[in-house]
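# Close look at the chain arrangement
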Amino acid sequence: MRGSLVQELTDDCEHEQLRMIQENFTICRLYSLCEQTKNFFGFMGLRSSTMVNMEGPVAKFVKEQIPKEKVVIFSKSYCPYCKMAKEVFDKLSQKYYALELDQREDGEEIQDVLKEITGARSVPRVFINGNFVGGGSDVKALQEKGELVKLLQ
């Protein structure tokens with residue numbers, strides 16, 4: 001009887017270890033999935049909402065940049081919509097000031113501030129004469145309708 005009790009305890013212990021390994025594996029997979037999801041949404045300009053200090057140094061910096069030039073573009077160097085917006089201004093020979101957020105340590109915080117100002121974190125965020133006009137598609141549509149030139153005057 002004693003041998004079977006020892007065997008039973010050993011089996012229980014092995015089952016418990018196996019259960020713990022499975023739980024840890026599941027937790028690791030879930031964590032990995034969460035990290036991948038977070039990275040994907042960060043790439044897309046979407047993040048869970050965070051408290052943004054609109055009086056802090058990053059917000060102050062953003063607010064100082066918007067009126068800096070006639071055209072200010074908050075951009076990411078690899079973004080096709082950012083390239084689209086810049087190409088529109090290049091074709092018009094319109095000088096613009098582009099801040100490449102992917103090349104800045106505070107890029108994510110800048111996007112959080114831009115969300116508060118414009119309603120979205122996505123890039124590009126284009127400002128003309130201090131006024132938000134939209135993203136890449138918006139700028140292209142304004143140009144096609146002949147309205148962009150009017151805004152630039």
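Described in the following lines is the structure provided in the data block.

Basis of the calculations
- Residues numbered from 1 in each chain as written.
- Predicted model: local features only at pLDDT ≥ 70, side-chain atom pairs only at ≥ 80, totals over all residues.
- Heavy atoms only, no water.
- Axes fitted to C-alpha atoms, helices over the stretch in contact; angles between N-to-C directions.
- Helix = DSSP H or I, 4+ residues; strand = E, 2+ residues; numbered from the N terminus.
- Parallel < 35°, antiparallel > 145°, perpendicular 65-115°, else oblique.
- Left-handed = near helix turned anticlockwise from the far one by under 90°.
- Contact = heavy atoms within 4.5 Å.
- Nonpolar A, V, L, I, M, F, W, Y, C, P; charged D, E, K, R; others polar.
- Core = buried A, V, L, I, M, F, W, Y, C linked by side-chain atoms within 4.5 Å.
- Buried < 20%, exposed > 50% of the residue type's maximum accessible area, 1.4 Å probe, protein only.
- Expected span 1.5 Å × (residues − 1).
- Pairing = 2+ DSSP bridges.

Attention shifts here to the packing of helix α3 (residues 80-91) against helix α5 (residues 136-144). It is at 8 Å that the axes of α3 and α5 come closest, and there the two elements cross at 30°. One element, α3, and the other, α5, form an angle in the roughly parallel class. As for the relative orientation of α3 and α5, their crossing is left-handed in sense. Residues Y81, M84, A85, V88 and F89 of α3 touch α5, and the partners they reach there are G136, S137, V139, K140 and Q143. A class-by-class count of the residues in the contact of α3 with α5 yields 6 nonpolar, 3 polar and 1 charged.

Next up on the list: the nonpolar core. Counting residues in each nonpolar core, the largest one holds 15 residues, and the members touching the most others are V62, F74, L99, L101, I110, L114 and F127. When contributions to this core are tallied by element, the ones reaching two or more residues are α2 (57-65), β1 (71-75) and α4 (107-118). When near neighbours in sequence (up to four residues on either side) are disregarded, L101 contacts F74, S75, K76, G107, I110, Q111, L114 and V123. Judged by nonpolar contacts, the second largest core, of 11 residues, contains I73, V126, V139 and L142.

Okay, α4 next. For α4, built from 12 residues, the straight-helix expectation of 16 Å at 1.5 Å per residue is met to within 8% by its first-to-last C-alpha distance of 16 Å. Listed as buried for α4 are G107, I110, Q111, D112, V113, L114 and T118. G119 lies just past α4 and shows a positive phi near 95°.

Attention shifts here to the pairing of strand β2 (residues 97-100). Relative to β2, β1 is paired through 4 bridges, and the arrangement is parallel. Paired with F74 across the bridge in β2 is L99.

What follows covers the packing of α2 against α4. Their axes nearest at 9 Å, the elements α2 and α4 cross at an angle of 65°. In terms of axis orientation, α2 runs roughly perpendicular to α4. Considering how the two elements wind past one another, α2 and α4 form a crossing that is right-handed. Contacts between α2 and α4 involve V58, A59, F61 and V62 from the former and E109, I110, V113, L114 and I117 from the latter. For the contact of α2 with α4, the residue count by class is 8 nonpolar, no polar and 1 charged.

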